[in-house]
Structures are given as structure tokens and as C-alpha cells.
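Overview (structure and organization)
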Amino acid sequence: MSERPNLEVGAKCRVLLVDDSPAIRQMLRLGLAKHPHIEVVGEAEDAYVARERIKQLNPDVITLDVEMPRMNGLDFLERIMRLRPMPVVMLSSVTNQGSVAAVRALSLGAFDVQVKPSDGFDDRFMTRLAERLLTAGTSKLRVPGRLRNTGKTTANTTARLNAWNGKIVLMGASTGGVAAIESVLRRLPSNTPPVVIAQHMPASFLSSFVERLSQRMAMNVQVASDGVALQQGTVYLAPGGMTHTTIRRDGSQFICQERTGPKINGHHPSVDALFLSAVDFAEHVIGVILTGLGRDGADGLTQLKCGGAQTIGQDEASCVVYGMPRAAFEAGAVGIQLPLERMASKICSFADRGQDPIKVFE
């Protein structure tokens, strides 16, 4: 489900295509020409030409290839976000190298990454790309904060958890979620309560995302797998693909379950599937909804809150897309809205045995 573009009547989203392949640029131009709300205003074969085109044309959004001569797309993206932030949709291959680049691009602030189809740019791909470009071009750009170092976070940069009260954290995110998740996790301590995350992302990107987080975060990070018991100090990412990650309770243990089935709200994994699976033990859950398109997670978070869960929503000012958090907030599912930099301390307050559950809302 996509957000409605905020365009004036008759206005078009102005797109600059950046790719070293003339054939790719032509396919993109012809495909996007079919969309009534998009206008391709220019093309560039490398980053240096793109820089001049951006100055001349002032596009609303650019498409950017990863592999280009003279300067690759990731280095150019980093410069754009530092010197002239603007919405960027990256185009990536499905190779392992491509997935590493895609995750880094999302962390640097790319609005989205679209995987290039191996069998050509058909109408389905072009429609999806057009929708992403429209949403990106009309969104409020948020540039993620950068880590000050490339190593793991240290204790003095994180929130504190004194005595864990046994609660688990269930978190959902979509567009803008890679940078948002990194922002929250890097502030959580190494003894974090268990965190299970459903992030809308191609399954081919997941191993690269897990590896990136493992290298940068204080806690353990791994892919959620069927039958694994949730442990303090560990973050679990839903694998997606054709499955949904859910949680069941077995005595005092909380166990991950991978459930096959159709997409929910258009997604594998679904945030609603994760949240709804924990309703029977909601009083032991801290539910968190982050930036993203659509309303996946709103129904599940509503039922969690009604069951006694403490719930947090990302505030509009810090969201790349205030779609999922807005839907949850308007449904009454969000107990408190916070910017990303305050979420870790609130999660630790909710998960600390010594905290008064009433005062943590103050």
C-alpha cells in the first residue's frame, strides 16, 4: 500500500536519471513516460555530469545506479547527502555485492533501493519504480545521523538497563527503516531486552543488513529462525522471503516461529503478523512502530496496546515516511510518540525491573 503523492493539480514529479548505460537510461525514460505524474527532466552518465545536472535542473528526485565510472553511486550518494540532501532511489543488482551496496545506500539516506530485474524492465517493475519515485519526490527528506566511528558502540553512548524485567521488544519498519533501526539499536546497551524486528526488505538484502548491524552494534544480531528462544542481549531480524516471523510463549520462554503463508498488507515479513502473534501475552511486550509506507502494524499494535503492551511510535518529524506510525497513532495504538534518539532510553525504562510503569510515561 503506497502513500498518496502530495502534488498540485497538473504538477509532475521531476526525475533525473543517473546511469552509465545509455540503454538502461532509455528503458527508464520510456517506462516512466507512461506515468502521468512523472517527468524525466534529464539524464547523466556519471556522478560528475549528474552534479551539474542537479544544479541546472533542480529535480525532485534522482535514480542512481550503484556501479558507475569515475565515481561509484555510493560515494556520490554520500556526497549528495552531506552537501545537497535530496531524495534518491538507488537501482541495485541482486548479487551479494549488490545487497551489501543496497544496505549501505539505505543507511546513508537513500529513500529506497529497487532491485533491477534480470529479465528486463517490465511494466510491473516500472509501475513500482514510478510509485517509489513519486513518494520520494514528495516526501520530507530526513538524512540519518552518521556514526562517529566504524566500530561497535560503547557503553557511554547507550541507554542503561539495570535489571531486565523479562519484557521483549517487537519492532516494525518499512521505508526509511534501515537508518531508523540503526539509530535505535546503536543506543541500546549490550544487555538489551530481546528485540525482534520485521523490516520490509528484499530477502536477498537481509544477510548484508545483519552483517552490517553485527559489526556496528553492542549486542548480538542474527536472523530469526524457527524454534529459537529469545535471549537477552540479542536482536533477531525476520527473514522474509515467503514467511512471516511470529512469537509464541512456552512457559517462561518466548520462541520465534516462522510461518508460511500469503503476504499480509502486501509484505513478507508483515509487521502485523509479528505483533498479532503476541497479543495473548501482550503485557510482556514493548511494541515499536517506525517509519514506513502504508499501515502494516497498525492493527497489531492496537491489539497489543489493548492487551496491556507498552507501545511507542516514531514521531512525524523524524520519519522518512510518516505512514505506518501515523496509521497506528490515529488508531489509538501508540502510547507515546518519540524521535529516534529518545527511543532506546524509553525502551530500557519499560524493560527495567526497577521502573515504575506509571512514571515511565511522564
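Computed from a prediction, not measured in an experiment: that's the story for all the values here. (Residues numbered from 1 in each chain as written. Predicted model: local features only at pLDDT ≥ 70, side-chain atom pairs only at ≥ 80, totals over all residues. Heavy atoms only, no water.)

**Section: the environment of methionine 217**
Looking at the secondary structure, you find methionine 217 in the loop between α7 (203-216) and β8 (220-223). Taking relative accessible area as the criterion, methionine 217 reaches 0% and is therefore assigned buried. Sequence separation between methionine 217 and leucine 188 is 29 residues, and the spatial gap between their C-alpha atoms is 8.5 Å. (Helix = DSSP H or I, 4+ residues; strand = E, 2+ residues; numbered from the N terminus. Buried < 20%, exposed > 50% of the residue type's maximum accessible area, 1.4 Å probe, protein only.)

**Observations concerning the pattern of salt bridges**
Throughout the structure, instances matching the rule amount to 14 salt bridges. Between glutamate 43 and arginine 29 there is a salt bridge, with its nearest N and O atoms 2.6 Å apart. Here glutamate 43 is found in strand β2 (residues 38-44), whereas its partner arginine 29 is found in helix α1 (residues 22-32), with 14 residues between them in sequence. In this structure, the salt-bridge partner of arginine 70 is aspartate 46, at a minimum N-O distance of 2.9 Å. Here arginine 70, found in the loop between β3 (61-65) and α3 (73-83), pairs with aspartate 46, found in the loop between β2 and α2 (47-57); they are 24 residues apart in sequence, far enough to count as distant. Arginine 70 sits in the exposed class, given a relative accessible area of 61%. Each of Asp19, Asp65 and Lys116 takes part in salt bridges that share partners, so that together they form one network. (Salt bridge = Lys/Arg side-chain N within 4 Å of Asp/Glu carboxyl O.)

**Topic: the nonpolar core**
Grouped together as the largest cluster of nonpolar side chains are 66 residues, with contacts concentrated most on Met90 and Met171. The biggest single contributor to this core is helix α11 (residues 340-351), with 7 residues. Not counting the four nearest positions on each side in its chain, methionine 171 is found in contact with Ile181, Val184, Val195, Val196, Ile197, Ala198, Leu274, Phe275, Val288, Leu290 and Ile347. (Core = buried A, V, L, I, M, F, W, Y, C linked by side-chain atoms within 4.5 Å. Contact = heavy atoms within 4.5 Å.)

**So, the sheet that holds strand β4 (residues 88-92)**
Strand order in the open sheet made by the 5 strands is β2-β1-β3-β4-β5, with parallel pairing throughout. Both outer strands of the open sheet, β2 and β5 (112-115), are each paired with one neighbouring strand and no more. Adjacent strand axes in the sheet meet at a mean angle of 25° when their direction is disregarded. Inspection of the sheet shows strand β1 (residues 13-18) paired to β3 by 4 bridges, in the parallel sense. Each residue of the ladder has a partner; that of leucine 16, found in β3, is isoleucine 62. (Pairing = 2+ DSSP bridges. Axes fitted to C-alpha atoms, helices over the stretch in contact; angles between N-to-C directions.)

**A short note on helix α6 (residues 177-185)**
Most of α6 sits inside the fold, with 9 of its 9 residues counted as buried. What α6 keeps buried is the set Gly177, Val178, Ala179, Ala180, Ile181, Glu182, Ser183, Val184 and Leu185.

**Concerning the confidence of the model for the chain**
Should the pLDDT be low somewhere, the predicted coordinates at that spot are not to be read in detail. Averaged over the chain, the pLDDT score is 90; the fraction of residues at 70 or greater is 89%. Predicted confidence is poor over residues 146-150, with pLDDT under 50, and the contacts of this stretch with residues over four places away or in other chains come to 6 contacts. Note that pLDDT drops below 50 for residues 356-362; the model gives that stretch 11 contacts with residues more than four away or on any other chain. (pLDDT = per-residue confidence, 0-100.)

**Digging into the packing of α6 against α11**
At a minimum axis separation of 8 Å, α6 and α11 run at an interaxial angle of 45°. Between α6 and α11, the interaxial angle falls into the category oblique. Judged by the sense of rotation from one axis to the other, the crossing of α6 with α11 is right-handed. Packed against α6, whose contacting residues are Ala180, Ser183 and Val184, the element α11 presents Leu340, Met343, Ala344 and Ile347 at the interface. Residue classes in the contact of α6 with α11 are distributed as 6 nonpolar, 1 polar and no charged. (Parallel < 35°, antiparallel > 145°, perpendicular 65-115°, else oblique. Left-handed = near helix turned anticlockwise from the far one by under 90°. Nonpolar A, V, L, I, M, F, W, Y, C, P; charged D, E, K, R; others polar.)

**Quick notes on the sheet that holds strand β7 (residues 195-199)**
Strand order in the open sheet formed by 7 strands is β8-β9-β7-β6-β12-β13-β14, with parallel pairing between adjacent strands. Looking at strand neighbours, the two that pair on one side only are β8 and β14 (336-338), the edges of this open sheet. The sheet shows a mean angle of 20° between the axes of neighbouring strands, direction not considered. Both strand β12 (residues 285-289) and strand β13 (residues 310-314) contribute to a ladder of 4 bridges, which runs parallel. Bridge pairing links isoleucine 286 to glutamine 310 in β13.

**Some thoughts on α11**
An ideal rise of 1.5 Å per residue puts 16 Å on 12 residues; α11 measures up with 17 Å between its terminal C-alpha atoms. Considered for burial, the residues of α11 that qualify are Leu340, Met343, Ala344, Lys346, Ile347, Cys348, Phe350 and Ala351. Where the residues of α11 are buried, they touch β6 (168-173), α6, β12, β13 and β14. (Expected span 1.5 Å × (residues − 1).)

**Points about the pairing of strand β11 (residues 253-260)**
Here strand β10 (residues 243-250) pairs with β11 via 8 bridges, running antiparallel. Note on β11: the bridge partner recorded for aspartate 250 is glutamine 253. Linking two consecutive strands that pair antiparallel, namely β10 and β11, is a turn of 2 residues; a positive phi of about 65° is found at glycine 251 within it.

**Side note on the packing of aromatic side chains**
Ring pairs (aromatic) are described by centroid distance and by the angle formed between their planes. Evaluation of the coordinates by the stated rule reveals 2 aromatic pairs. Ring centres 4.9 Å apart and planes at 40° place the aromatic pair phenylalanine 121 and phenylalanine 125 in the tilted group. Geometrically, the ring pair formed by phenylalanine 254 and phenylalanine 281 is tilted, given 5.2 Å between the ring centres and 45° between the ring planes. Linking phenylalanine 254 in strand β11 with phenylalanine 281 in the loop between α8 (271-276) and β12, this pair joins segments that are 27 residues apart in sequence. Each member of the pair, phenylalanine 254 as well as phenylalanine 281, carries the same accessibility label: buried. (Phe/Tyr/Trp six-rings, centres within 6.5 Å; stacked < 30°, edge-to-face > 60°.)

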